Amino acid sequence: MTAIEVRKPGLSTTVQDRGRSGYYHLGIPPSGALDMYSPEVANALVGNTPDAAVLEIVYMGPELRFTGPAVVAVTGAEIAPRVNGEARPQWESFAVAEGDVLDFDYLKAGARAYLAVSGGLDTRVDLGSRATYVIGSLGGVDGRPVAEGDVLPVGDGGTGRPGRVLPAALRPVMAKDVEVRVVMGLYDHRLTDTGRATFLDTTWTLTPVADRMGFRYAGGQLETVDREPPFGAGQDPSNIVDSPYPIGSIQVPGGVEPIVLHRDAVSGGGYMMVATVISGDLDVVAQSAPRTRTRFVEVDLETALGLRAERKDRIARMYAALGD
Amino acid sequence: MSARYSWGGDEFVFVELAEEMSLQANFKAVAITNLLRDERPDGILEICPANASYQVRYDPDVLEPHAFLAHLKELEDRVGDALGVTLDCRVVEIPVLYQDPWTTETLMRFRDRHQDPDATDIEYAARINGFAGVDEFIGAHSGSPWFTSMVGFVAGLPFKYQMVPRERQIVVPKYLRPRTDTPKQTVGYGGCFSCIYSVRGAGGYQMFGITPAPIYDPRQTKPDFTEHTVFMRPGDMVKFRPIDRDEYDDAQARAEAGEYRITVRPVEFDLQPFLDDPDGYNKRLLEVLA
C-alpha cells in the first residue's frame, strides 16, 4: 500500500476534507478545506469521490516522498509541483513512482494549494471527518498540521489515471484585487449609515492575520450607533451578549479591522457581526494572500441563492469536462 | 419581547431573542432549538442555541429559506414566553480549587494586561462587586447553581449564567487585552458569564480557579466521554463546589488515570417556579446532588 512520507512539512500543511457537521453547537466548527472548489477538482482529476481527504498547503509547500506508485493532482494556488526536481503541471493528474520526491516551487498567486492522491488520504476519522481542527486536536495526524517524519497512508483502490486536465475556463482566477459578495445583516443595525457606507465603499487590505480561523482586514473605521449597553454585553459599542457566529460572518471588534470568520472559526463570541460572506465566496477569501485588496459587495438573499445555483452548475460542468 | 431574525449569508438564519442577557431569553433559545431538534426537518446542518440567541445552518437547496424562517417564527410562538415550558436538564457538580497555583502563576505573567495589576483576578472581582473579601466572593460564586447558556467559542467550552436575580449577578470586565495562555480547565469570568476553559489557549476572562474534572476528551478514552468528546451541554446546571489542595490532587490523580467521574443527576427544570422563588428552587434542585 502506498504512503506519503513527510520530509519537510511546509508552513502549515493539514489533512482536510469537506468537514464535519453537527457539532458546531458544542464549539466544534465544520473545518474542512478553506477553498472547497479546488480540492473537489483535485479529487475529480485523480478519480476520487468529493469526500476524499487531501492535503491543504498554505503559502509554502511541503516535501513529500512516495513509498509506492500513485496518481496525484495539485490545484488551487499557483505553486508549481516538481517531481524529483522536474516541473509538473497544475490542474492536471500525473503519476509518481515509488521513491519519487514531490516538492513545490514558490507561491506565485493565491494562498492555498490542494494535493489529491488517487485513493485519498486514509488518516484517522474523528466525528465523521478527517479534517484537521488544531485547537480541538481532531482529525488529520493527531489533530495537528503534518510534521517531518509523518507517514500518511493512502487508501486502497484508487482508480485515477494520469493525463486528466481541467479546461482553463473552469479554473478559478487568483487575483490581487477581489470582490467578496456578502449578505448584510446580523448586527449591521449597530452601524450608522456612514459606518455601513464605509464598510461597503472601502477597499480593504488583507493583513498577515489570515488563517483557518479568520481573515483580518485593515483600511477603515466603522462608525457605530451610540447606545446604553444591554445587560451582559460589555461596554464597547461593538460588544453584544455572546452569540453564535455564522461561518463567513464578518465581525468588527471596536469598529476597526473586519474579520471574516472561516471554517475553523470560534463558534461564538461577544463582537457584533455586520454581514456574512456568501457560501461560494469563502473560496475567494481562502485564496486571498496578505495584501489582497478586497471589496465587500452587498447582495440580497435572492441574488445569493442565484449565485449558489451558478456555482453548482459550474461544478457540474467541471465533472462533465473530466468524465472519461 | 419579540425576536429579531436575520440571514447569515445563504446558509444561516440568526435569531436574537433578546438584546440583553436573561435566563428567560436563554430558556427560550434552548426550548426553541430543542423543538427544532426533535422535528429535525431535512436540510438542517447545525442547531446552535446561545445565551440570548440561536442560529441554524441549513441547506437552502433542500429547505426553502422563507418558508423555513416562517417555521422558526411559528416555533417562537409555540414556546411563547417560555414560562410554561419544562426542560429535561442535568445537575452537574464541578469541584473547584479557587486561587490555585497554576492560574495564579498565569495571571501574574499577564499583569500588564489587567485593570488592577496589584491585585489577583479574584481579589479584583471581589472588590468591584462589593464583597468584603475573597472568601465571601467564593461563597457567592459557588453558592448558587449556574445554567449552561451556551457551549462554544472553542471545543466544549461552556458559558454559564448564574441562577440568581439580576441584582445579585456578579459582573466583571474581560482583560484589557486577551492573554495568550490559559491553563486547561480554568474557571474563568467575563461580563456576567462564568466559563470553564476546555483546552489550553488564549483567553480574556478573569481567572478564579481550576477544576480537576476534564470536560473535553478528543480521544474519548475517559469514562465520561464514551458517547461524546464534549461533556457540557446547553441546559446543564452546574454547582461549583470549593475543594482544597488535597482533594484537588486526589481528583487530578484519578483524572490522569482515566478514573474520574463527574457527578451528574437528571432533573426537570421549570422556569416559572424558579423565577417565583430562586433560592428555594435552587435549594431543592441541589438536593439531588446529596
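Higher on the page you've got the structure.
Before going into details, it helps to say that this report is about the structure given with it. The model shown is predicted, which means the values in this text are computed figures rather than measured ones.

Looking at the overall build of chain A
Then, in step 1: Summing up its helical and strand segments, chain A has four helices and 20 strands in all.
Then, in step 2: Since a compact globule built from 324 residues should have a radius of gyration of about 20 Å, the 20 Å found for chain A is in line with a globular shape.
Then, in step 3: Projecting the C-alpha coordinates of chain A onto the three principal axes gives extents of approximately 65 × 40 × 30 Å.
Then, in step 4: Each of the 324 residues in chain A was classed as buried or not, and the buried ones make up 59%.
Then, in step 5: Taking all contacts inside chain A whose residues are at least 6 apart in sequence as the whole, residues at least 24 apart take part in 75%.
Then, in step 6: Entry remark: accessible area of chain A is about 11700 Å², with carbon and sulfur atoms responsible for 51%.
Then, in step 7: The positive charge centre, built from 31 side chains, and the negative charge centre, built from 41, are 3 Å apart in chain A.

With respect to the packing of helix 1 (residues 23–39) of chain B against helix 2 (residues 65–79) of chain B
Residues and elements named next belong to chain B.
Then, in step 1: Contact geometry of helix 1 with helix 2 gives a least axis separation of 10 Å together with a crossing angle of 125 degrees. In this view, helix 1 runs oblique relative to helix 2, as classed from their interaxial angle. The handedness of the crossing between helix 1 and helix 2 is right-handed. On helix 2, the residues that touch Lys28, Ala31, Ile32, Leu35, Leu36 and Glu39 of helix 1 are Phe68, His71, Leu72, Leu75, Glu76, Arg78 and Val79.
Then, in step 2: The residue inventory of the contact of helix 1 with helix 2, partitioned by class, reads eight nonpolar, one polar and four charged.

Re the nonpolar core
Then, in step 1: Within the largest apolar cluster, 158 residues are counted, with the highest numbers of intra-cluster contacts made by Phe199 of chain A together with Ile94, Phe147 and Phe269 of chain B.
Then, in step 2: Ranked by the residues each element gives to this core, the list is headed by helix 1 of chain B, at eight residues.
Then, in step 3: One finds Ala53, Ala113, Leu121 and Leu152 of chain A within the second-largest nonpolar core, a separate group that totals 26 residues.

A word on the packing of aromatic side chains
Then, in step 1: Counting across every chain of the model gives 21 aromatic pairs over all chains.
Then, in step 2: Measuring from centroid to centroid gives 5.1 Å for Phe199 of chain A and Phe296 of chain A, while their planes differ by 10 degrees, and the two rings are stacked. Of this pair, Phe199 of chain A sits in helix 2 (residues 193–201) while Phe296 of chain A sits in strand 20 (residues 293–298), placing them 97 residues apart in sequence. With respect to class, Phe199 of chain A is no different from Phe296 of chain A; both count as buried.
Then, in step 3: The interplanar angle of 85 degrees and the centroid separation of 5.1 Å between the aromatic rings of Phe137 of chain B and Phe208 of chain B together place this pair among those described as edge-to-face. Note that Phe137 of chain B is positioned in helix 5 (residues 134–143) and Phe208 of chain B in strand 10 (residues 206–210), a separation of 71 residues in sequence. Phe208 of chain B matches Phe137 of chain B in its accessibility class, with the two residues each being buried.
Then, in step 4: Here the aromatic cluster, defined as three or more aromatic residues joined through ring pairs, consists of Phe131, Phe137, Trp146, Tyr189, Phe208 and Phe240 of chain B.
Then, in step 5: Over the aromatic face of Tyr5 of chain B sits the side chain of Lys73 of chain B, whose NZ or CZ is 5.2 Å from the ring centroid.
Then, in step 6: Taking the ring centre of Tyr175 of chain B as reference, the NZ or CZ of Arg179 of chain B above it sits at 4.6 Å.

A short note on the sheet that holds strand 10 (residues 109–117) of chain A
The pairing of strands in a sheet comes from backbone hydrogen bonds and takes either a parallel or an antiparallel form.
Residue and element names in this part refer to chain A.
Then, in step 1: Taking strand neighbours across the sheet as the criterion, the five strands line up as 2-3-10-5-8 in an open arrangement whose pairing is antiparallel. The open sheet has two free edges, formed respectively by strand 2 (14–16) and strand 8 (94–96), since each of these has just one partner strand. Each strand axis lies, on average, 35 degrees off the axis of its neighbour in the sheet, ignoring direction.
Then, in step 2: Pairing between strand 3 (residues 54–58) and strand 10: four bridges, direction antiparallel. Its bridge partner being in strand 10, Val58 is matched across the sheet by Arg112.
Then, in step 3: Its contacts with the sheet place helix 1 (residues 37–45) against strand 3, strand 5 (70–78) and strand 10, and it is angled at close to 155 degrees to strand 5.

Considering helix 4 (residues 301–322) of chain A
Then, in step 1: Its 22 residues place the ends of helix 4 of chain A 32 Å apart at the C-alpha level, agreeing with the 32 Å of an ideal helix rising 1.5 Å per residue.
Then, in step 2: Taken together, the buried positions of helix 4 of chain A are occupied by Leu301, Ala304, Leu307, Arg308, Ile315, Met318 and Leu322 of chain A. Taken end-on, helix 4 of chain A shows its buried residues confined to a sector of 115 degrees, consistent with a single buried face. Of the exposed residues in helix 4 of chain A, those oriented more than 90 degrees away from the buried face are Glu310 and Ala320 of chain A.
Then, in step 3: Close packing links the buried residues of helix 4 of chain A with helix 1 and strand 12 (177–184) of chain A together with strand 1 (4–8) and helix 2 of chain B.

Structural notes on the interface of chain B and chain A
Then, in step 1: Contacts between chain B and chain A engage 56 residues on the former and 52 residues on the latter.
Then, in step 2: Taking both sides of the interface into account, the surface hidden between chain B and chain A amounts to around 4100 Å²; carbon and sulfur atoms contribute 58%.
Then, in step 3: Linking chain B to chain A there are seven salt bridges.
Then, in step 4: Salt-bridge contacts for Arg308 of chain A lead to Glu11 of chain B; the nearest nitrogen and oxygen are separated by 2.9 Å.
Then, in step 5: Across the contact surface, chain B and chain A share 22 residue pairs in polar contact (both at pLDDT 80 or more).
Then, in step 6: Secondary-structure elements contributing two or more residues to the side of chain B that touches chain A are strand 1, strand 2 (12–16), strand 3 (44–49), strand 4 (53–58), helix 2, strand 6 (146–151) and strand 7 (158–162) of chain B.
Then, in step 7: Taken together, the residues that form the side of chain B that touches chain A break down as 30 nonpolar, 12 polar and 14 charged.

Rules used throughout
Residues numbered from 1 in each chain as written. Chains lettered and ligands numbered in written order. Predicted model: local features only at pLDDT ≥ 70, side-chain atom pairs only at ≥ 80, totals over all residues. Heavy atoms only, no water. Helix = DSSP H or I, 4+ residues; strand = E, 2+ residues; numbered from the N terminus. Rg over C-alpha atoms; globule rule 2.2 N^0.38 Å. Buried < 20%, exposed > 50% of the residue type's maximum accessible area, 1.4 Å probe, protein only. Contact = heavy atoms within 4.5 Å. Areas by Shrake-Rupley, 256 points an atom, 1.4 Å probe, with all protein chains shown as cover. Lys, Arg positive; Asp, Glu negative; His and termini not counted. Charge placed at Lys NZ, Arg CZ, Asp CG, Glu CD. Axes fitted to C-alpha atoms, helices over the stretch in contact; angles between N-to-C directions. Parallel < 35°, antiparallel > 145°, perpendicular 65-115°, else oblique. Left-handed = near helix turned anticlockwise from the far one by under 90°. Nonpolar A, V, L, I, M, F, W, Y, C, P; charged D, E, K, R; others polar. Core = buried A, V, L, I, M, F, W, Y, C linked by side-chain atoms within 4.5 Å. Phe/Tyr/Trp six-rings, centres within 6.5 Å; stacked < 30°, edge-to-face > 60°. Lys NZ or Arg CZ within 6 Å of the ring centre and 35° of its normal. Pairing = 2+ DSSP bridges. Expected span 1.5 Å × (residues − 1). Arc of directions from axis to C-beta. Buried area = accessible area lost by both parts, 1.4 Å probe. Salt bridge = Lys/Arg side-chain N within 4 Å of Asp/Glu carboxyl O. Polar contact = N/O pair within 3.5 Å; in protein donor to acceptor, adjacent residues only side chain to side chain.

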